[in-house]
Amino acid sequence: MSPTERAPRSKAQAAPKVTAAAPRAKAASRAKPKVVAPHSSLGSAHVFLTGGTGFVGQAILERLLSSHPDTTISMLIRTKGSTSGEDRLRSLLRKPVFKLWRERVGDAEVERATNERIRIVEGGLTSIPPLPGDIDIVIHSASTVSFDPPIDQAFDTNVGGAIGVYEALLASGSDPQVVHVSTCYVGGIRKGVVPEASLTHDVDWRAEYAAAKDARTRVEMASRQPETLRKFINESRAHHGKEGPQSVAKAAEAARVAWVQARLVDYGRTRAESLGWTDVYTLTKAFAERAAEEMWAQTGHRLSIVRPAIIESALSHPFPGWIDGFKVADPLILAYGRGQLPEFPGLPDSILDVIPVDFVVNVILAVAATPAQRGVPEYFHVSSGASNPLPMHRMFVNVNKFFVDNPMPSGDGIIEVPVWKFPGDRKMERGIALYARRNELTGKWLERFPSTESRRVRIAKVEKTRDNLESLRNFSQLYRAYVQTEIIFDDRRTKALNASIPDALRSDIGFDVAAIDWEDYLQNVHFPSITAMTRAFQSRPAAAEREAKALPRRTDVVAVFDLEGTVVDSNIVEQYLWVRSAGFRKGAWPGEFARLLASVPGYLAAERRDRGEFIRAFLRRYAGMTVERLERVVKGGYSDTLLRHTMPAAIDKIMEHRAAGHRTVLVTGSIGTLVEPLAGMFDEVVASTMHQNNGVFTGYLDRPPLVDEARAAWLRQYAEQHGIDLANSYGYGDSHADLVWLELLGNPNAVNPDTSLSREAQRRRWMIHNWKRGAHNGVESNAAPVAVSESSEGVGD
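The notes below deal with the structure included here. (Residues numbered from 1 in each chain as written. Predicted model: local features only at pLDDT ≥ 70, side-chain atom pairs only at ≥ 80, totals over all residues. Heavy atoms only, no water.)

Attention now moves to the overall build of the protein chain. A count of helices and strands for the protein chain gives 26 helices and 22 strands. Across the 797 residues of the protein chain, 52% fall into the buried class. Within the protein chain, contacts between residues separated by at least 24 positions form 79% of all contacts whose residues are at least 6 apart in sequence. A total accessible area of about 36,200 Å² is found for the protein chain, and carbon and sulfur atoms account for 52% of it. (Helix = DSSP H or I, 4+ residues; strand = E, 2+ residues; numbered from the N terminus. Buried < 20%, exposed > 50% of the residue type's maximum accessible area, 1.4 Å probe, protein only. Contact = heavy atoms within 4.5 Å. Areas by Shrake-Rupley, 256 points an atom, 1.4 Å probe, with all protein chains shown as cover.)

A few words on the environment of Ala436. Its location among the elements puts Ala436 in helix 13 (residues 425–446). Residues Ala436 and Thr465 lie 29 residues apart in sequence; the distance between their C-alpha atoms is 8.3 Å. Residue contacts for Ala436: discarding those within four places in its chain leaves Leu469 and Arg473.

Another point: the environment of Ile73. Structurally, Ile73 is set in strand 2 (residues 72–77). Taking C-alpha positions, Ile73 is 9.6 Å from Ala113, a pair spaced 40 residues apart along the chain. Those residues in contact with Ile73 that sit more than four places away from it in its chain are Val47, Leu49, Leu61, Leu64, Leu65, Arg117, Ile118 and Arg119.

Let's shift gears to the side chain of Gln575. Take Gln575: it is sitting in helix 19 (residues 572–583). Judged by relative accessible area, which is 1%, Gln575 ranks as buried.

This brings us to the packing of aromatic side chains. In the structure shown here, the tally under the stated rule is 23 aromatic pairs. On the numbers, 5.0 Å between centres and 40° between planes, the contact of Trp714 with Tyr718 is tilted. With a gap of four residues between them, Trp714 and Tyr718 both fall in helix 24 (residues 708–722), about one helical turn apart. Neither Trp714 nor Tyr718 differs from the other in exposure class; each is buried. Through pairs of rings, three or more aromatic residues link up here, namely Tyr336, Phe396, Phe402, Phe403, Trp420, Phe422 and Phe527. (Phe/Tyr/Trp six-rings, centres within 6.5 Å; stacked < 30°, edge-to-face > 60°.)

Attention shifts here to the environment of Tyr576. Within the secondary structure, Tyr576 is located in helix 19. Owing to a relative accessible area of 1%, Tyr576 belongs among the buried residues under this scheme.

Right, let's get into the packing of helix 2 (residues 55–67) against helix 11 (residues 357–368). A pair of packed helices is captured by two measures, namely the crossing angle of their axes and the spacing between those axes. At a minimum axis separation of 10 Å, helix 2 and helix 11 run at an interaxial angle of 60°. Accordingly, the angle class assigned to the pair helix 2 and helix 11 is oblique. As helix 2 packs across helix 11, the resulting crossing turns out to be right-handed. On the side of helix 2, the interface is formed by Phe55, Val56, Ala59, Ile60, Arg63 and Leu64, while helix 11 contributes Val357, Val360, Val361, Asn362, Ile364 and Leu365. Residues belonging to the contact of helix 2 with helix 11 are distributed by class as follows: ten nonpolar, one polar and one charged. (Axes fitted to C-alpha atoms, helices over the stretch in contact; angles between N-to-C directions. Parallel < 35°, antiparallel > 145°, perpendicular 65-115°, else oblique. Left-handed = near helix turned anticlockwise from the far one by under 90°. Nonpolar A, V, L, I, M, F, W, Y, C, P; charged D, E, K, R; others polar.)

Between its first and last C-alpha atoms helix 12 (residues 392–405) spans 20 Å; for 14 residues at 1.5 Å apiece the expected length is 20 Å, and the two agree. Those residues of helix 12 that sit buried are Met392, Arg394, Met395, Phe396, Asn398, Val399, Asn400, Phe402 and Phe403. (Expected span 1.5 Å × (residues − 1).)

For the rest of this paragraph, the subject is the nonpolar core. One finds Ile60, Leu61, Leu65, Met75, Ile139, Val357 and Ile364 to be the most contacted residues of the largest nonpolar core, which totals 92 residues. The greatest single-element share of this core, amounting to ten residues, is contributed by helix 11. Excluding anything up to four places from it in sequence, Ile60 contacts Leu49, Ile139, Ser141, Val361, Ile364 and Leu365. (Core = buried A, V, L, I, M, F, W, Y, C linked by side-chain atoms within 4.5 Å.)

Turning next to the pattern of salt bridges. Considering all chains together, one arrives at 38 salt bridges under this definition. Several salt bridges share partner residues, and in doing so they unite Asp152, Arg216, Glu220, Arg224, Glu253 and Arg256 into one network. (Salt bridge = Lys/Arg side-chain N within 4 Å of Asp/Glu carboxyl O.)

With that settled, the discussion passes to helix 22 (residues 627–644). Look at helix 22: 24 Å from first C-alpha to last across 18 residues, which is about the 26 Å you get at 1.5 Å a residue. The largest bend in helix 22 is about 60°, located at Tyr638. Those residues of helix 22 that fall on the buried side of the exposure criterion are Val627, Arg629, Leu630, Val633, Val634, Tyr638, Ser639, Thr641, Leu642 and Leu643. (Bend = angle between axes of the 7 residues up to and from the residue.)

Dropping the structure here:
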């Protein structure tokens, strides 16, 4: 059955009735609020809408266009870069929420509505241009959608935005009915029934706003103190030193920015908790309500505040399951489906107050059509907990059933979801901390050993566990107030408003939450809609499928190969030993080996710090060797040894690139003489050269080795001089030092990567290859050589 054919869903007659607790029964005994019956239409009202590009705003705009055809809509839309407000509107009207309306009215009416019914007001909440003086209704639905934004951003959007709206309205001369969209959770941390009434706090919201705006300046200054910057630099050097100094600086600055962000988030969270709110989102929404009351209602205007609970996908309009991106509860649901939440600290009897978005829109428009008295604000809870509660344990049963029946894919198998036992907050935190410590110790132990295919798999498992634990911590912290709440939102005024709607219209524009069948809504509407979006993201081809595709024939791309660990399974230390063993007297060999062994700790330390430092230090061992002798050794047994250590998969890939017309380049920080046996496989070899004096190597390079950032700079210049399209070119490297040039290419490949590169390649979803040494018939020791370019000269011809 298509979305348009589905009937509105209602609770089955046999569904169990939950008996109300004593506080709810007492509340029900109070006098019913008096509600004026709403109009069936908003007539020819001029509506000013903020937040029209957001989730709720889109649904409001769609209802105005489809069900209130005589209205005129002024929409506040920000420009984005060079994209005008009108262009953003046209793009917005192509979204799924408007699909059925577009199909019903046709292209001509859509164009007429765009040009005549909708007026663009280009600006932001804190920079609203002059508004017309004939506005009848304002629906202020714009706000931040994050629970945990930095404190200044939360205040600017929610509080500053409300101030901007009411200042613009006061300046315009309009006297509209204002529907201010808030949230049920503005009351803060509390228990019991929350009435549909003004909040009772006495916090100076203006002083809090001023402090929040000043917070960023104070935190930014703290982040630039020398002791703080040194910490960022040292940490970045430890993790990114092998990439080069600019990478270290870039990482240090990114760490500073992240520190500022985290501090400002903590400022907001802590200040909210200190004042009795769950988070900075609910705190600033509460202050926005107070701004609306003081700036609008108390100056003799009409104000209604609508407080939705947790807004999720549509029950029936515009079609069942419509949702625009993941909403409040969805990340938690999907994390469970992915197996990332083995347990959760919710209270099993806590009410998860979910409400479909179309119910929220219907309430907003009904309130808009029923103006409040001047100077006397009205409040409406759009919630389900009082009339049709969905306790956490019932929600879990539904989530578990759905993912048991519809498991999410994982590679060639499926993900088995856990069974929650709701162990409680403290017990769960202790368990997470213990598991995290064990996982970190495992990771540190694995990183002490050389990278192998099996070890990379184990490290990837450690990384995944770390990510899952971090997600679990974040979810626990973020959702704690919503899954451990003991609040019931009184909705008597909203129910009375629904009852006043004519019977003939109630099935379309009504909002009777008691009629929602939660099992049907969750199993057949909401869960399928959000998992469909997730699986769409997972539809990309698997790595094996991407690798199996034939390379496109092109002459404007390059395939750049690193040498050590990528094309050959050796390094410059082994190559040196091959050279020395070819000409050493047997009696001299033990002494040389002992000296080399004694130098190993220093070489390892240099390699960890900087690849170039290691190459310079190690190549000093060639000091005193004659050029003629090295060339003779390379042409002899060294050549056969190097070819035996060349990996067949690398040879196949090089040949594949050459067959496709790609330019193949071998780049190494080692000296060119040592790679001459492989030169015939490539169009070009770019290597270092060692300084010589009268035919004897001095041990010094002519120019700095071509590694990390130097190789990236060379690659950019090479592409410019040869007309190479880097976005479609290929790169193959094995070391963290290769990251900085691999990321310049559209097709980066990590070959037998070290731990750091493997971690980054997995995060970026790069191809990862496990190439091994073995026999290959395609390479002979007498392969025809090509000219070896010196990296000291920049770009080879």
